[in-house]
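# Results of the structural survey
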Amino acid sequence: MQTTKTQNQKLETFLRGTGRTITAAEAASRFGIMNLRARMSELRRAGLDVRTGVSKTTGKTKYYMPIRNIWGSKAQAFAR
């Protein structure tokens, strides 16, 4: 039985359908994720609709997910 969430599970739970965004610095401080770009690529390969934008205040890349993935399903890919 798995008692701790993976980084991908944490990110999916944090972003999926919440309207929140996350930057690399926020991911490092909140979840200990040092390579956010790699985690986002893994989420995309799993079929989730991960989008990028630029923060108006800092100019840094931010990531977010709309409520539904590319197939229209609201099922969780990683989060349990």
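In this report, the structure presented in the accompanying data block is examined. Every value quoted in this text rests on a predicted model; they were computed, and no experiment measured them. (Residues numbered from 1 in each chain as written. Predicted model: local features only at pLDDT ≥ 70, side-chain atom pairs only at ≥ 80, totals over all residues. Heavy atoms only, no water.)

### Section: the packing of helix α1 (residues 7-15) against helix α3 (residues 36-45)
Test applied: Between N-to-C directions, angles span 0 to 180 degrees; the directions come from axes that are lines fitted to C-alpha atoms, helices contributing only their stretch in contact. Working definition: helices are DSSP H or I runs of at least four residues, strands are E runs of at least two. Numbering for both runs from the N terminus. Angle categories are assigned with fixed cut-offs, so that under 35 degrees is roughly parallel, over 145 is roughly antiparallel, 65 to 115 is roughly perpendicular, and the rest are oblique. Working rule for contacts: check all heavy atoms of both residues, and any pair within 4.5 Å makes them a contact. Under this grouping Gly is polar, as are all residues other than the nonpolar Ala, Val, Leu, Ile, Met, Phe, Trp, Tyr, Cys and Pro and the charged Asp, Glu, Lys and Arg.
Where α1 meets α3, the axes come as close as 10 Å, and the angle between the chain directions of the two elements is 80 degrees. Judged by the angle between their axes, α1 and α3 are roughly perpendicular. Each of Gln7, Asn8, Leu11 and Leu15 in α1 lies in contact with α3, whose residues at this interface are Leu36, Arg39, Met40, Glu42 and Leu43. By residue class, the composition of the contact of α1 with α3 is 5 nonpolar, 2 polar and 2 charged.

### Observations regarding the nonpolar core
It is characteristic of soluble globular proteins that their nonpolar side chains tend to be buried jointly. Rules: What is meant by a nonpolar core is a set of buried Ala, Val, Leu, Ile, Met, Phe, Trp, Tyr and Cys residues, joined one to another through side-chain atoms within 4.5 Å. Only protein chains enter the calculation, and the probe is 1.4 Å; a residue is then buried if its accessible area is under 20% of its type maximum, exposed if over 50%, and partly exposed in between.
Of all hydrophobic cores here, the largest spans 14 residues; its most connected members are Leu11, Ile22, Leu36, Met40, Leu43 and Val50. Secondary-structure elements contributing two or more residues to this core are α1, α2 (24-31) and α3. Apart from residues no more than four positions distant in its own chain, methionine 40 is found in contact with Leu11, Leu15, Val50 and Tyr63.

### Side note on the sheet that holds strand β3 (residues 61-64)
The following threshold applies: When DSSP finds two or more bridges between two strands, those strands count as paired.
Here we have 3 strands laid out as an open sheet, ordered β1-β3-β2, and antiparallel in their pairing. The sheet is open, and its two edges are formed by β1 (22-23) and β2 (51-54), each paired on a single side. Of the pairings in the sheet, the one linking β1 to β3 comprises 2 bridges and is antiparallel in character. Within β3, the position partnered with threonine 23 by the bridge is lysine 62.

### Concerning the pattern of salt bridges
Stated precisely, the cut-off is as follows: When a carboxyl oxygen of Asp or Glu lies within 4 Å of a side-chain nitrogen of Lys or Arg, that pair is called a salt bridge.
Taken as a whole, this structure holds 3 salt bridges when the rule is applied. When the shortest N-O distance is used, the salt bridge between glutamate 12 and arginine 16 registers 2.7 Å. Look at glutamate 12 and you get buried, because its relative accessible area is 0%. Judged by relative accessible area, which is 8%, arginine 16 ranks as buried. One salt bridge connects arginine 51 with aspartate 49, and the closest N-O pair in it is separated by 2.7 Å. Classification of aspartate 49 as buried rests on a relative accessible area of 16%.

### Some details on the pairing of β2
Relative to β3, β2 is paired through 4 bridges, and the arrangement is antiparallel. Residue glycine 53 lies in a different strand from β3, and its bridge partner there is lysine 62. The antiparallel hairpin formed by β2 and β3 contains 6 residues in its connecting segment, where glycine 59 sits at a positive phi of about 80 degrees.

### Quick notes on the environment of arginine 51
Formally: Under this definition, polar contacts are N or O atom pairs within 3.5 Å; protein pairs additionally need one hydrogen-donor-capable and one acceptor-capable atom, and for neighbouring residues in sequence, both atoms have to be side-chain atoms.
Counting through the fold element by element, arginine 51 comes out in strand β2. The exposure class of arginine 51 is partly exposed, given its relative accessible area of 38%. As a C-alpha pair, arginine 51 and methionine 65 span 14 residues in sequence and 6.0 Å in three-dimensional space. Not counting the four nearest positions on each side in its chain, arginine 51 is found in contact with Arg44, Lys62, Tyr63, Tyr64 and Pro66. Looking at arginine 51, its side chain comes within polar contact range of the side chain of aspartate 49, at 2.7 Å.

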